Amino acid sequence: MAEYDVIIVGAGPGGYVAGIRAAQLGLKTLVVEKAHLGGICLNWGCIPTKALLKSASLLEEMRQAESYGIQVEGVRPDLPAMIRRSREVAQHMNRGIAYLFKKNKVEWVEGEGYLLPGRRVRIQMKDGQEEIAAKHIIIATGARPRHLPIFPKEHERVLTYKEALVLDQLPQSIAIIGAGAIGVEFAYFYRALGSEVTLIEAMPRIVPLEDEEVSKELERAFRRSGIRVLADARVEEAQVGNSGIALKVHTKGKEEKIEAEYVLVAVGVQPNTENLGLEAIGIQRSERGHIQVNEWYQTNVEGYYAIGDVLATPALAHVASHEGIICVEKIAGEEVRPMDYRRVPACTYCQPEIASVGLTEAAARQQGYDVRVGKFPFTASGKARAEGHPQGFVKLVFDKKYGELLGVHMIGPHVTEMVAELVVAMNLETTEAEIFQSVHPHPTLSEAIMEAAGSALGHPIHI
Ligand code: NAD
């Protein structure tokens, strides 16, 4: 029976990153993965959706080519070709992880891991079973889509993100339940390609975790593009047939009947913590199935750890990766700091894009801060105009007392690429004056950040 320093069960962005970092630190590391290296993110989530969303935004730009002085004819989407490209991008990245494992001397095995007491893992492989022991075992098995009991569990008309990524024909109509990240990204994608899209959200506004002004701006953009948005809405009845679905939706005091070829259920995820052997070991979970850990990702049982979507922390790839790094650095005896969850950015890749970090204006006020808000619209940005995308804004929320940056809320062109500057700024406890004094290159979209800081100080230049 081989002995490892670390065995990691699951090779998503939590597990594979933890594996690489552990090996870099000199720990003998084994990663166990039952499906694909890279997990959902790389194979069925972040990466293939970004490839599809690029096809959609390129299609929209090409339709507007004339406004850029370019004549093109016959622009039309080819969904199977888009999906082929998206799958190729995912496969390429998947091979990249196998290469990184090799380079960093991370061992990995294709099989399903089951945890046993005494720090052992039983691995069920295609051609047999093996039991392996380690000093430390990290659970990184991720999450799966939450199912809504109103729908049958498996039906070709009821989709999760996984099926929605590989539909072989463009749906004429699709109803999307849940207007979080997955819901709005697919709403944008299918609408850009020409489907009739109805977006149904239980909370009073779409992207309900974002700042209220961001939700409003996205809803305006979505309505303009022809997406039907129903917020404050509950699906009360669902009839699912072989050619489509009919929903009875209660929204703002009235009943609506919605018919569509498909329904996409995007109402969050639930942790993969069943059938892993946790009960016999005595590892504690919450009522919702999340594994309970301390700041170093140690469970209540010594030698067992958990990272990523099996925890109640935000179900985001970058969160899982950082948790993995902190977890193995602590195991290796490095000097580490716990993760600061107040400063985790969130990005949504519909058009217009959304990026945020820190407190919303409402949350900052609720926490008792006297806030100062600075805002700059992309209509006033020369670069956004030249690019042909003068929609959206940058909104910065500062604490009036010390000028500390508390929250960042952006919607518009390329904001998902711009937010990292502000994560660093926040980590350095920057003030509005320091952001305004930092020379931002001209012409760039990032000038809008400097201008928003200027607006908080009461003296923006370009508005
Ligand atoms: P989510 O939690 O982001 O959004 C789910 C939405 O569904 C919420 O707005 C919620 O209010 C709504 N909802 C819940 N029950 C409902 C009901 N019965 N009827 C109508 N609406 C209902 O979850 P998601 O969009 O499914 O994504 C899953 C996870 O993956 C999330 O943690 C998300 O952050 C992450 N993700 C991130 C990205 C990104 O960063 N770009 C992209 C996709 C997914």
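Scope of this entry: the structure provided in the associated data block. (Residues numbered from 1 in each chain as written. Predicted model: local features only at pLDDT ≥ 70, side-chain atom pairs only at ≥ 80, totals over all residues. Heavy atoms only, no water.)

Examining the packing of aromatic side chains
Counted by the stated rule, this structure contains two aromatic pairs. Their ring planes at 20 degrees and their centres at 6.2 Å tell us that Phe186 and Tyr190 sit as a pair that is stacked. Taken together, the positions of Phe186 and Tyr190, both in helix α6 (residues 181–193) and four residues apart, correspond to about one turn of that helix. On the basis of relative accessible area, Phe186 is assigned to the buried category, the value being 4%. Where Phe189 meets Tyr190, the ring centres are 5.0 Å apart and the plane angle is 75 degrees; that geometry is what we call edge-to-face. For the pair Phe189 and Tyr190, one class covers both residues: buried. Counting every residue linked through ring pairs, the aromatic cluster contains Phe186, Phe189 and Tyr190. Lying over the aromatic face of Trp296, Lys330 brings its terminal NZ or CZ to 4.2 Å of the ring centre. Stacked on the ring of Phe393, the Lys or Arg Lys375 has its end atom at 4.3 Å from the ring centre. (Phe/Tyr/Trp six-rings, centres within 6.5 Å; stacked < 30°, edge-to-face > 60°. Helix = DSSP H or I, 4+ residues; strand = E, 2+ residues; numbered from the N terminus. Buried < 20%, exposed > 50% of the residue type's maximum accessible area, 1.4 Å probe, protein only. Lys NZ or Arg CZ within 6 Å of the ring centre and 35° of its normal.)

Here's the deal with the environment of Thr299
Mapped onto the fold, Thr299 is located in the loop between α8 (278–281) and β17 (304–306). The exposure class of Thr299 is buried, given its relative accessible area of 9%. In the structure, Thr299 is positioned 96 residues away from Met203 in sequence and 33 Å away in space, judged by C-alpha atoms. The contact partners of Thr299, leaving out residues within four places of it in the chain, are Ile283, Ile291, Gln292, Val293, Tyr304, Tyr305 and Ala306. (Contact = heavy atoms within 4.5 Å.)

Digging into the sheet that holds strand β21 (residues 393–399)
Strand order in the open sheet formed by five strands is β18-β19-β22-β21-β20, and the pairing between neighbours is antiparallel. With partners counted over all chains shown, the strands left at the sheet margins are β18 (346–348) and β20 (371–377), one partner each. Strand after strand, the sheet turns through a mean of 10 degrees between neighbouring axes, direction not considered. The pairing of β21 with strand β22 (residues 405–412) spans six bridges and is classified as antiparallel. Bridged to Val397 within β22 is Gly407. The strands touched by helix α14 (residues 447–457) are β20, β21 and β22; relative to β20, the strand with the most contacts, the crossing angle is about 140 degrees. (Pairing = 2+ DSSP bridges. Axes fitted to C-alpha atoms, helices over the stretch in contact; angles between N-to-C directions.)

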